[in-house]
Amino acid sequence: MNKKSHNAHGAVVVATGLLLALATLPAQAVWYSDDGSIELRGFIDSSTYARDGVGLSKQRIQGQLEFFKDFRPSGGLFSELSLGGVLRLSYDAVYDLNDDEYGKKAGGPRNFPAPGNPAFFAALNGGAPPFPDAPTNPQYAGAFGPESLGANGAIPLPGTGGSIASPGNPNDGLRFAAEDLYGYGDGGTVLATPVRPCNIDSRGCIKDYMDRDLDELRFREITDDLDWLRELYLNATIPLKGGQHELAFRIGRQQVVWGRTDLFRVLDVVNPIDFGRQNIYAEFEDSRIPQGIVNIEYRFGATRLFEDINVQLLYKFERFRPHDLGQGGEPYAVLGAGNLFRALKNCYDNGCTVWNFPVTGTAVDFPAGSIGIRDVRIPDGEEFGARIEGVFKGVGFSLNALYFYSQFPSLRGGIPVKNPFAPPGGAPGDPRFYPYNFGFDIEFPRLLMFGGSADWYWDRAKTSFRVEMSYTQDEEFADTLSPRLFSKSDVYRWVVGFDRPTFIPFLNKTRAFLISGQVFGQHLLDHRTSSTNSAGLPSLGGDLGFQDHESNIFLTLLIQGNYLNDRLTPTLLAAYDTEAEAGVVGPSVEFKPSNHWYFKLGLNLKWTSGGPPVADDNRTANIFPPATCAPPLAAAGSPLCNAPYSSLGLEGFEPLGRFRAGPIGTAAREDELQFIVRYQF
């Protein structure tokens, strides 16, 4: 039995044991030892989510235990010494109860109308039609992957030998990579992705990054990184200068919270996020991925200038962890990136069929090693940060700096690939770099972030305000004008928020409602676009260059009330992405009949008003000259065909439109009914 199988089978026993142990604890809000030095609290809950058009999307049973031990030092070096931790285990039965969507039976064959275009492809094939009988009718519909290792209706490029010819790449267990996002009505590029767990179907699984097997999906915390041990840290405080100052340590796996925002983060970037838990809608406390950190604070207390001031230093000693974006086939995969990455990895490893490529209505078989994702490169370097935090004349403030690796992946082109238009044995035969090609490695670039925050209360307005801003150097973005298809840009982000208790008499005459609003901004300072490509040819569609928005604004609003002595809490949460023209509204009601029981019923509804965003998809670049030269130029014998040039701007949703759609727009078809019941102790 391999290591993963051993861990996964043991997960059932461990999870059951923990849940039973939690259930036997005394039914009180918090348990204390006789001397009061040990504190235990926790919960067991069940979350049931149903998605429109899909059915069950989450059926999770979860247990969490928080513990705290105060060693109560008397005298000596420390004035405070304690140990804290959080354990969590869960089992999501959706992979068993709805395995046609998310488990071992997910996906199936994928076919599409793709009649041959003999005139177009004859030009690419030296004047000879690539089909023996030059078909022109829709009977040559394409099918992703080989069908009995024979012709599949797609155009077989010379390098494929007439088919993908990979027995390990069948037309089964597939979905179109963005079929859960939109209906492919724009005629853009279409990729297929394997969607079954990686022990059922290993195609497209990226080792040590997106390679969860069925048990790792069901038991999310049972991993080689010991994610069931969410937090375990030692606290220590050393008094200095007669107790006027303090030197405090927290060492171990922990969450470090730098920001005060909801849904979107500006300063709160120390810990990565598990978006596979519930996209952007889970509470940060639950979705942050804790890491091993040395957290040191020097607390000056009150000074002549400040009401309070302290300095914090951070050093991460646990290995780098990126955001968990969710892999292909999971119910929650922010931006659909997991589906895209798995599709591209399968293309590189096994070859693949691409529909509407290079023009709408045609399909092409690419051999292995010619397009897609080759590898992922996980950083192995130092990450550290510092913060000054204090209060000045009633205004809380912080100044922050972090030297870290991007937790979001960057697709870096420029890797050597095979020329799919070169017949076997033809020249050039060895992989090499072709400008603007679709071969990528996943990287996590080194970043430097500076930022700050302020919060204050304005008594006349009865309102609390907060401001955060950050400046990050050298983030990487898709750029179709770059030969490697990415460029760097500094990024400025900010948020302005407020919280105000407000009476709404016709809804509640005795209790105020909390109204909280936020405005987020993001600006790419080195953004570039052009209406002409690298050869001076005009764009056939939108702008060439950066495909992310130069500037974007996000709006959020929270309205929360309380009834029945705070036992009944209705909430309305809404967010809107102004550039993607996509929004979400989440009405919910919480009911706490006692200190131990908690019920929540909610809806999560999304919409888009502008349709699926489209972007330059790079399919019109002259990657392998002269074979990929635009047909009008090739027919005219243009000298431009003899050298690579960048995209001509033909647009579609896949693959870059998903980044324009953002996390809200890419979830527009994920309306859900949600029910949670929790027992707290």
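Computed from a predicted structure; not experimentally measured.

The rules behind these values
- Residues numbered from 1 in each chain as written.
- Predicted model: local features only at pLDDT ≥ 70, side-chain atom pairs only at ≥ 80, totals over all residues.
- Heavy atoms only, no water.
- Core = buried A, V, L, I, M, F, W, Y, C linked by side-chain atoms within 4.5 Å.
- Buried < 20%, exposed > 50% of the residue type's maximum accessible area, 1.4 Å probe, protein only.
- Helix = DSSP H or I, 4+ residues; strand = E, 2+ residues; numbered from the N terminus.
- Domains from an automatic or database assignment.
- Contact = heavy atoms within 4.5 Å.
- Pairing = 2+ DSSP bridges.
- Axes fitted to C-alpha atoms, helices over the stretch in contact; angles between N-to-C directions.
- pLDDT = per-residue confidence, 0-100.
- Salt bridge = Lys/Arg side-chain N within 4 Å of Asp/Glu carboxyl O.
- Disulfide = S-S within 2.5 Å.

J.: Explain the nonpolar core to me, using residue names and the numbers behind them.
T.: By size, the foremost hydrophobic cluster in this structure holds 67 residues, and its most contacted members are Leu-191, Tyr-209, Trp-258, Ile-280, Phe-341, Ile-442 and Ile-664. Secondary-structure elements contributing two or more residues to this core are helix H7 (337-350), strand E14 (352-355), strand E15 (363-366), strand E16 (372-376), strand E18 (395-405), strand E20 (439-443), strand E21 (446-458) and strand E29 (582-591). For this core, the leading source of residues is H7, giving seven residues. Each of domain 2 (107-223 + 320-376) and domain 3 (429-589 + 606-670) contributes no fewer than three residues to this core. Leave out the neighbours within four places in its chain, and Ile-664 touches Phe-264, Ile-280, Tyr-281, Ala-575, Tyr-576, Asp-577, Ala-582, Gly-583 and Val-584. Among the nonpolar cores identified, the runner-up in size contains ten residues, and Phe-176, Tyr-182, Tyr-184 and Phe-653 belong to it.

J.: Residue-level account of the sheet that holds E16, with values.
T.: Read from one edge of the open sheet, three strands run E16-E20-E19, paired in mixed fashion. Edge positions in the sheet fall to E16 and strand E19 (410-413), since each has one partner strand and no second. Here the strands of the sheet are splayed against their neighbours by 35° on average, with no regard to which way each runs. Across four bridges, E16 lies against E20 in parallel orientation. Looking across to E20, one finds that Val-376 is bridged to Ile-442. Sitting on the sheet, H7 is in contact with E16, E19 and E20, with an inclination near 95° to E16.

J.: Could you give an account of the environment of Ala-333, with specific residues and numbers?
T.: Tracing the backbone through its elements, the reader meets Ala-333 in the loop between strand E13 (308-316) and H7. The class of Ala-333 is buried, set by a relative accessible area of 15%. In this structure the C-alpha to C-alpha distance between Ala-333 and Gly-276, which are 57 residues apart in sequence, comes to 5.6 Å.

J.: Lay out the confidence of the model for the protein with the relevant residues and their values.
T.: For the protein, per-residue confidence averages 87 on the pLDDT scale, and 86% of positions sit at 70 or higher. Predicted confidence is poor over residues 1-28, with pLDDT under 50, and the contacts of this stretch with residues over four places away or in other chains come to 36 contacts. Low confidence marks residues 160-165, where pLDDT is under 50. Its contacts with residues over four positions away, or in another chain, come to 21 contacts.

J.: Explain the side chain of Gln-327 to me, using residue names and the numbers behind them.
T.: If you trace the backbone, Gln-327 turns up in the loop between E13 and H7. Residues contacting Gln-327, with those up to four places away along its chain left out, are Cys-198, Met-210, Asp-211, Arg-212, Leu-217, Ala-333, Gly-338 and Arg-342.

J.: Describe the pattern of salt bridges, listing the residues and the values that go with them.
T.: Tallied over the full model, the rule gives 38 salt bridges. Between Glu-443 and Arg-377 there is a salt bridge; the shortest N-O distance is 3.4 Å. Of this pair, Glu-443 sits in strand E20 while Arg-377 sits in the loop between E16 and strand E17 (384-392), placing them 66 residues apart in sequence. Judged by relative accessible area, Glu-443 falls into the buried class, the value being 16%. Take Arg-377: its relative accessible area is 38%, and that puts it in the partly exposed class. For Glu-654, the salt bridge is made with Arg-658, and the minimal N-O distance between the two is 2.6 Å. Salt bridges sharing common partners tie together Arg-374, Arg-377, Arg-412, Asp-441, Glu-443 and Glu-476.

J.: Describe the state of the cysteines, and please don't skip the residues or the numbers.
T.: Enumeration over the complete set of coordinates arrives at three disulfides. A sulfur-sulfur distance of 2.0 Å marks the disulfide that ties Cys-198 to Cys-205. Taking the sign of the S-S torsion, -100° for the link of Cys-198 and Cys-205, the bridge is left-handed. An identical accessibility class is assigned to Cys-198 and Cys-205; each is buried. The disulfide that involves Cys-629 links it to Cys-641, with 1.9 Å between the sulfurs. Disulfide Cys-629-Cys-641: the torsion about the S-S bond is -60°, which places it as left-handed. Residue Cys-629 is found in the loop between strand E31 (615-616) and helix H8 (631-635), and its partner Cys-641 is found in the loop between H8 and strand E32 (651-652); the two are separated by twelve residues along the sequence.

J.: Explain unusual backbone geometry to me, and be specific about the residues and the numbers.
T.: Pro-358 follows Phe-357 through a cis peptide bond whose omega is 0°. Following the sequence through the fold, Pro-358 ends up in the loop between E14 and E15. At the junction of Glu-654 and Pro-655, the peptide bond is cis and its omega measures out at 0° in the coordinates. Along the chain, the position of Pro-655 falls in the loop between E32 and helix H9 (657-665). The backbone phi angle of Arg-72 is positive, close to 50°, even though this residue is not glycine. For Arg-72, the location among the structural elements is in the loop between strand E3 (55-70) and strand E4 (80-92). Even without being glycine, Leu-226 reaches a positive phi, approximately 55°. The topology assignment puts Leu-226 in the loop between helix H5 (214-218) and strand E10 (229-240). Classification of Leu-226 as partly exposed rests on a relative accessible area of 41%.

J.: Let's hear about the pairing of strand E2 (residues 38-51): which residues, and what values?
T.: Of the strand pairs in this sheet, strand E1 (residues 31-32) and E2 are connected by two bridges, and their pairing is antiparallel. Counted as the bridge partner of Trp-31 is Leu-40 from E2. Between E1 and E2, which pair antiparallel and follow one another directly, the connecting turn spans five residues, one of which, Gly-36, has a positive phi of 80°. In terms of strand pairing, E2 meets E3 through 14 bridges, oriented antiparallel. Opposite Gly-42, over in E3, you have Leu-65 as the bridge partner. Taking the residues that link successive antiparallel strands as the turn, the E2-E3 hairpin has three residues, and the phi of Gly-53 there is positive, at about 80°. Inspection of the sheet shows E2 paired to strand E33 (residues 672-680) by nine bridges, in the antiparallel sense. Bridge pairing in E33 places Ala-50 opposite Leu-673.

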